[in-house]
Amino acid sequence: MNTRLQVEHPVTEMITGVDLVRGMIDVAAGRGIPQEYLDLVYKDGDSEEDLEGKVVPHCGHAIEARIYAEDPLRGFLPSTGPLLQYEEPPSSILISSSGQKEEQCQIRVDSGVTVGQTITQYYDPLISKLISYSPNDRSQAIAG
């Protein structure tokens, strides 16, 4: 079992509705796996041993894009200095594809930056992760 939180965990969280970080914190604090997570896979009469190999129900499609402060003309080295402009998208957008009905896509942004903050060479230049989710269609999630 891989017990590390993967950097792509927001994609899993979007399609399952399971907050992996909360679950890991609960387990680390000795509280065990949150009951509502167990309820997703437990069937009447199951024991804890019966959990192995169970699949958490999932729905929809999600895609993650990472926004970096990098300079492609310098081999993608960090582009250091103050962050002069930063604006996050709305939490949901209406997507319309050719031949398909309009669909509301959810947008999640995981970020820890603010305008004026200095991007340094000492840390990863990741500015944010943008995750787009569509309950029905992969192309809609990509378009989001």
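For the structure, see preceding data.
Remember, predicted model here, so these are calculated numbers, not experimental data.

## Some thoughts on the overall build of the protein
So, step 1. Scanning the protein from terminus to terminus reveals 4 helices and 8 strands.
So, step 2. For the protein, the N- to C-terminal ordering of α and β elements is α-α-α-β-β-β-β-β-β-β-β-α.
So, step 3. Here the C-alpha radius of gyration of the protein, 19 Å, is well above what a compact globule of 144 residues would show, namely 15 Å.
So, step 4. Along the first, second and third principal axes, the C-alpha atoms of the protein reach 60 × 45 × 25 Å.
So, step 5. By the burial criterion, 24% of the 144 residues in the protein qualify as buried.
So, step 6. Of the contacts formed within the protein by residues at least 6 apart in sequence, a portion of 58% connects residues at least 24 apart.
So, step 7. Summing over all exposed atoms, the protein offers an accessible surface of approximately 9900 Å²; the carbon and sulfur share of this is 53%.
So, step 8. For the protein, the centre of its 11 positive side-chain charges and the centre of its 22 negative side-chain charges are spaced 3 Å apart.

## Let's talk about the nonpolar core
So, step 1. Counting residues in each nonpolar core, the largest one holds 5 residues, listed as Ala69, Leu83, Val113, Ile119 and Ile127.
So, step 2. Aside from chain neighbours lying at most four places away, what touches isoleucine 127 is Ile67, Tyr68, Ala69, Leu83, Tyr86, Ser111, Gly112, Val113 and Ile119.

## As for unusual backbone geometry
Note: most peptide bonds trans; most residues except glycine with negative phi.
So, step 1. For phenylalanine 76, which is not glycine, the phi dihedral falls at a positive 65 degrees.
So, step 2. Turning to its location among the elements, phenylalanine 76 is positioned in the loop between strand 2 (70-71) and strand 3 (77-78).

## A look at the pattern of salt bridges
So, step 1. Tallying each qualifying case throughout the model produces 7 salt bridges.
So, step 2. Overlapping salt bridges bring together Arg22, Asp26, Arg31 and Glu36 as one network.

## Points about the environment of glutamine 35
So, step 1. Note that glutamine 35 resides in helix 3 (residues 35-41).
So, step 2. Sequence separation between glutamine 35 and glycine 23 is 12 residues, and the spatial gap between their C-alpha atoms is 9.9 Å.
So, step 3. Separated by 2.7 Å, the side chains of glutamine 35 and aspartate 39 make a polar contact.

The rules behind each value
- Residues numbered from 1 in each chain as written.
- Predicted model: local features only at pLDDT ≥ 70, side-chain atom pairs only at ≥ 80, totals over all residues.
- Heavy atoms only, no water.
- Helix = DSSP H or I, 4+ residues; strand = E, 2+ residues; numbered from the N terminus.
- Rg over C-alpha atoms; globule rule 2.2 N^0.38 Å.
- Buried < 20%, exposed > 50% of the residue type's maximum accessible area, 1.4 Å probe, protein only.
- Contact = heavy atoms within 4.5 Å.
- Areas by Shrake-Rupley, 256 points an atom, 1.4 Å probe, with all protein chains shown as cover.
- Lys, Arg positive; Asp, Glu negative; His and termini not counted.
- Charge placed at Lys NZ, Arg CZ, Asp CG, Glu CD.
- Core = buried A, V, L, I, M, F, W, Y, C linked by side-chain atoms within 4.5 Å.
- Salt bridge = Lys/Arg side-chain N within 4 Å of Asp/Glu carboxyl O.
- Polar contact = N/O pair within 3.5 Å; in protein donor to acceptor, adjacent residues only side chain to side chain.

As far as function goes, none of this settles anything; it's purely spatial.
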